Amino acid sequence: MAARATSASTRGAGRRRDPERKERILVAAAALGARRGFDAISMADIGAEAGIVGSGVYRHFDSKTAILVAMADRVMDRLMARSAEIIATGLDEQAILTLLVRDHIAVALTDRDALAVYHREVRTLPEEERRRLSRAQRHYIEEWVHLLAPLRPDLADGEVRLAVHAAIGAIQSILFFRSGLADSRLAELLEGMAHGCLGTVPRGPQ
């Protein structure tokens, strides 16, 4: 992906950074932001949630904006990396699309808070970061479009794109709605709904 904004503070630059602590900060910020709203929380709140003193947060991130960018990058990097791995398998379009649907569901379930905060706060990001993330998202969506097009020759290009956006939107509906269903049941239902939007049938083991 393109170079991203520096998220680590220059303070304490000579010290070795703890990647597990950085991960705890991102998880804590996502959980708090999803519960209370990102505007309503402070760096000190995030540190307390992560079990880290406020000054410790600044050793990894110089602002809440840097944390928000890092949360978005973490999820987008995960989706893009796994997408590349799946496409590289050389399976047919239907099988690859099935795996992409399942992977997106897995990410939506495991990183629900981070995705929810990003969707609510994306407009507050600096324009350069917003554009960079938007380019990454478009590239990811294009992978789905290229796979779906030969499977749905009955659809025009705009209709294929609409189907892809609808499928991803169906998966991400869980970001803002708590059904109370177990994740295994959610995954099963979301897979069927996403393929319903795509007009395809899942391929491979369930």
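Data block above holds the structure.
My aim in this report is to walk through the structure given alongside it, one point at a time. (Residues numbered from 1 in each chain as written. Predicted model: local features only at pLDDT ≥ 70, side-chain atom pairs only at ≥ 80, totals over all residues. Heavy atoms only, no water.)

## Some thoughts on the overall build of the chain
When its secondary structure is counted, the chain shows nine helices and zero strands. Out of the 206 residues in the chain, the part that is buried amounts to 42%. Look at the contacts in the chain between residues 6 or more apart in sequence, and 72% of them connect residues 24 or more apart. Accessible surface for the chain amounts to roughly 10700 Å². Of this, 54% is attributable to carbon and sulfur atoms. (Helix = DSSP H or I, 4+ residues; strand = E, 2+ residues; numbered from the N terminus. Buried < 20%, exposed > 50% of the residue type's maximum accessible area, 1.4 Å probe, protein only. Contact = heavy atoms within 4.5 Å. Areas by Shrake-Rupley, 256 points an atom, 1.4 Å probe, with all protein chains shown as cover.)

## Quick look at the packing of helix H4 (residues 64–87) against helix H6 (residues 112–121)
Relative placement of two packed helices is described by the angle separating their axes and the distance separating the axes. Where H4 meets H6, the closest approach of the two axes is 10 Å, and the angle between their N-to-C directions is 125°. By the criterion of interaxial angle, the relationship of H4 to H6 is oblique. Crossing of H4 against H6: the hand is left-handed. Every residue of H6 that contacts H4 at Leu68, Met71, Ala72 and Val75 is listed here: Ala114, Leu115, Val117, Tyr118 and Glu121. A class-by-class count of the residues in the contact of H4 with H6 yields eight nonpolar, no polar and one charged. (Axes fitted to C-alpha atoms, helices over the stretch in contact; angles between N-to-C directions. Parallel < 35°, antiparallel > 145°, perpendicular 65-115°, else oblique. Left-handed = near helix turned anticlockwise from the far one by under 90°. Nonpolar A, V, L, I, M, F, W, Y, C, P; charged D, E, K, R; others polar.)

## Observations concerning the nonpolar core
Core analysis: the largest hydrophobic core is formed by 61 residues, its most contacted members being Ile25, Phe38, Ile67, Met71, Trp144, Val164 and Leu198. If you list the elements that add at least two residues to this core, you get helix H1 (19–36), helix H2 (43–50), H4, helix H5 (93–110), H6, helix H7 (127–151), helix H8 (157–172) and helix H9 (183–198). At 12 residues, the largest contribution of residues to this core is made by H4. Among all residues touching Phe38, those that are not within four sequence positions of it are Ala29, Gly33, Lys64, Ile67, Leu68, Met71, Val117 and Glu121. (Core = buried A, V, L, I, M, F, W, Y, C linked by side-chain atoms within 4.5 Å.)

## With respect to the pattern of salt bridges
Inspection of every chain in the model, using the stated rule, returns 18 salt bridges. A salt bridge links Glu23 to Arg74; its shortest N-O distance comes to 2.6 Å. Of the two residues, Glu23 sits in helix H1 while Arg74 sits in helix H4, which places them 51 residues apart along the sequence. By relative accessible area, which is 32% here, Glu23 ends up partly exposed. Between Asp103 and Arg82 there is a salt bridge, with the nearest N and O atoms lying 3.9 Å from each other. With Asp103 in helix H5 and Arg82 in helix H4, the pair connects residues that are 21 residues apart, well separated along the chain. Take Asp103: its relative accessible area is 8%, and that puts it in the buried class. Residues joined by salt bridges that share partners form a network here, namely Arg78, Arg82, Glu85 and Asp103. (Salt bridge = Lys/Arg side-chain N within 4 Å of Asp/Glu carboxyl O.)

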